[in-house]
Amino acid sequence: MSSSIMQNTIVRVMQRFNKSARARHLLELKRHATARRLWNLGLVEFQRKFLRNAHVIGYPYWMVVGVTSSCQLECPGCPKGRRIPDHRRKRAMSYEDFKHVINEVKPYVFNVAFNAWGEAFLNKQIFKMIRYAADQNIGTLVSANLNDLPATGPEEVVKSGLERLVVSIDGATQESYERYRINGNLERVLTNMGTIVEAKRRLGSELPHVAWQFLLFEHNEHEVEKARSLAKDIGVDEVYFMTAGNRYGDTRVNNQLTAETSDQFSAVNQSSEVACARPWYFMEINSDGGVSPCCDIEAYDGLDDFGNLLTTPLKKIWNNEKYKESRKLFQVKGYKPKTDTVCTTCYRVKEYNANPRAGTAPAHWFAGALIHPVETILAYRTNRAGGVG
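Bear in mind that the values here come from a model prediction, so they are computed numbers and not experimental data.

Caption draft 1: Molecular detail of the overall build of the protein. Looking only at helices and strands, the protein features 16 helices and eight strands. Within the protein, the fraction of its 389 residues that count as buried is 51%. Partitioning the intrachain contacts of the protein with sequence separation of at least 6 by distance along the chain shows that 71% fall at a separation of at least 24. Of the roughly 18,200 Å² of accessible surface on the protein, 53% is carried by carbon and sulfur atoms.

Caption draft 2: Structural view of the packing of aromatic side chains. Taken as a whole, this structure holds 13 aromatic pairs when the rule is applied. Aromatic side chains tyrosine 95 and tyrosine 132 sit 6.2 Å apart centroid to centroid with 85° between the ring planes, which places their arrangement in the edge-to-face category. Here the residue tyrosine 95 occupies a position in helix α4 (residues 95–105), and tyrosine 132 occupies one in helix α5 (residues 126–135), the gap between them amounting to 37 residues. Assessed through its relative accessible area of 18%, tyrosine 95 is described here as buried. With a relative accessible area of 13%, tyrosine 132 lands in the buried category. Site record: aromatic cluster; members linked through ring pairs are Tyr61, Phe110, Tyr281 and Phe282. Its end group placed over the ring of phenylalanine 282, arginine 278 keeps NZ or CZ at 5.7 Å from the ring centre. In this arrangement the basic side chain of arginine 327 is found over the ring face of tryptophan 318, its NZ or CZ atom lying 4.6 Å from the centre.

Caption draft 3: Broad picture of the pattern of salt bridges. The full count for this structure, using the stated rule, is 16 salt bridges. Aspartate 97 is the partner of arginine 91 in a salt bridge, and the nearest nitrogen-oxygen pair spans 2.7 Å. The buried category is assigned to arginine 91, whose relative accessible area is 15%. Here aspartate 135 ties to arginine 131 by a salt bridge, and the two come within 3.2 Å at their closest N and O atoms. Of this pair, aspartate 135 and arginine 131 are both found in helix α5, four residues apart, which corresponds to roughly one turn of the helix. One network of salt bridges, with partners in common, ties together Arg88, Asp288 and Asp305.

Caption draft 4: Region of the structure containing the nonpolar core. Within the largest apolar cluster, 98 residues are counted, with the highest numbers of intra-cluster contacts made by Phe114, Phe121 and Met193. In contact with phenylalanine 121, other than residues within four places in its own chain, are Ile126, Phe127, Val142, Ala144, Leu146, Asp148, Leu149, Val157 and Leu165.

Caption draft 5: Representation of the side chain of glutamine 331. As for its position among the elements, glutamine 331 is in the loop between α13 (321–328) and α14 (347–354). Within the structure, glutamine 331 has its side chain in polar contact with the backbone oxygen of arginine 52 (distance 2.8 Å).

Caption draft 6: Representation of the sheet that holds strand β2 (residues 111–114). Pairing within the open sheet is mixed, and its eight strands lie in the order β6-β5-β4-β3-β2-β1-β7-β8. Every other strand in the sheet has two partners, leaving β6 (238–243) and β8 (291–292) as the edge strands with one partner each. Here strand β4 (residues 164–168) runs beside strand β5 (residues 209–216); their pairing, made up of five bridges, is parallel. If you follow valine 166 over to β5, its bridge partner there is alanine 211. Its contacts with the sheet place α4 against β1 (62–65), β2 and β7 (282–285), and it is angled at close to 170° to β1. Against the sheet, α5 makes contact with β2 and β3 (139–144), and its axis sits at roughly 150° relative to β3, the strand it touches most.

Cut-offs and rules
- Residues numbered from 1 in each chain as written.
- Predicted model: local features only at pLDDT ≥ 70, side-chain atom pairs only at ≥ 80, totals over all residues.
- Heavy atoms only, no water.
- Helix = DSSP H or I, 4+ residues; strand = E, 2+ residues; numbered from the N terminus.
- Buried < 20%, exposed > 50% of the residue type's maximum accessible area, 1.4 Å probe, protein only.
- Contact = heavy atoms within 4.5 Å.
- Areas by Shrake-Rupley, 256 points an atom, 1.4 Å probe, with all protein chains shown as cover.
- Phe/Tyr/Trp six-rings, centres within 6.5 Å; stacked < 30°, edge-to-face > 60°.
- Lys NZ or Arg CZ within 6 Å of the ring centre and 35° of its normal.
- Salt bridge = Lys/Arg side-chain N within 4 Å of Asp/Glu carboxyl O.
- Core = buried A, V, L, I, M, F, W, Y, C linked by side-chain atoms within 4.5 Å.
- Polar contact = N/O pair within 3.5 Å; in protein donor to acceptor, adjacent residues only side chain to side chain.
- Pairing = 2+ DSSP bridges.
- Axes fitted to C-alpha atoms, helices over the stretch in contact; angles between N-to-C directions.

Here is the structure:
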């Protein structure tokens, strides 16, 4: 089977097999597929979907890498912005450390996102890092506030091989923008974004795909159309709007939207899956090398890391006790882990245990049905009726 036929076959299978992953991964899959990466992806997804086994044969195919622990803004919904103390070594990741991380994961990973608890463009080596990942046939994404960009930055962004740039701009006026992006300057951000778009045109490049991400709050929802107009004038490739949470209950922002706005945008970027998929396919590497199982607030503090990729090989971390116990939380409802991890008290576990649609992994359910058919049927009926089981 030729490589192109194999890629197209895998894409069609994935479209039917895992709808929630389709939007996020199919483009990177088609661009950066190799036989080894496709085989790894198939192994991981089969186990995640049907077995949810604790020991995964295969390795993460999607990754976030934090190349700095610094950010110049003080966003009230972010632990970094709130300057909440953590137990990580404060540093900008070196180019050599970044190469080490990429060399560990390049046989398996389709895409690396540079957006873990810091502003990527504050790392002076960022463009070399993007280029190194691109040279390994790995897709790259930077999510940034874009308040700072070197003078040569626009052309370097384009020439680095960056595939997708997401710029967080939550307002179409300075007054609205700075309510959440505290210390941010809207005019500077729009200028920086415009110079990147212009550099793309000047260099005749379709990449990076430039997206404007707009978090919706009560104070900025009336600026949706103005933001769309500004985005069109600048020439960005995409503008999208997302409802925002308020995990810290900060009174400076209010996410109580009008019914019209909520109905229009609340479904954006929400997964339809009950069981969390990240312990099977995803890994976050922080600027100190610390490994987090996800990029949610719960995994912010370094005390909860699952290992350190700068000192321990990927293969020893991926199936260690912390990863195994975290996966078991989504095998059977109500599982009591032998070792507590950051996943144990995560809201995703609570939602899974409380959701009537959540069930035991199919393979485990089938095995239980063979051994204890009556108990399995009763448990299934209890879950369907809304019980935790």
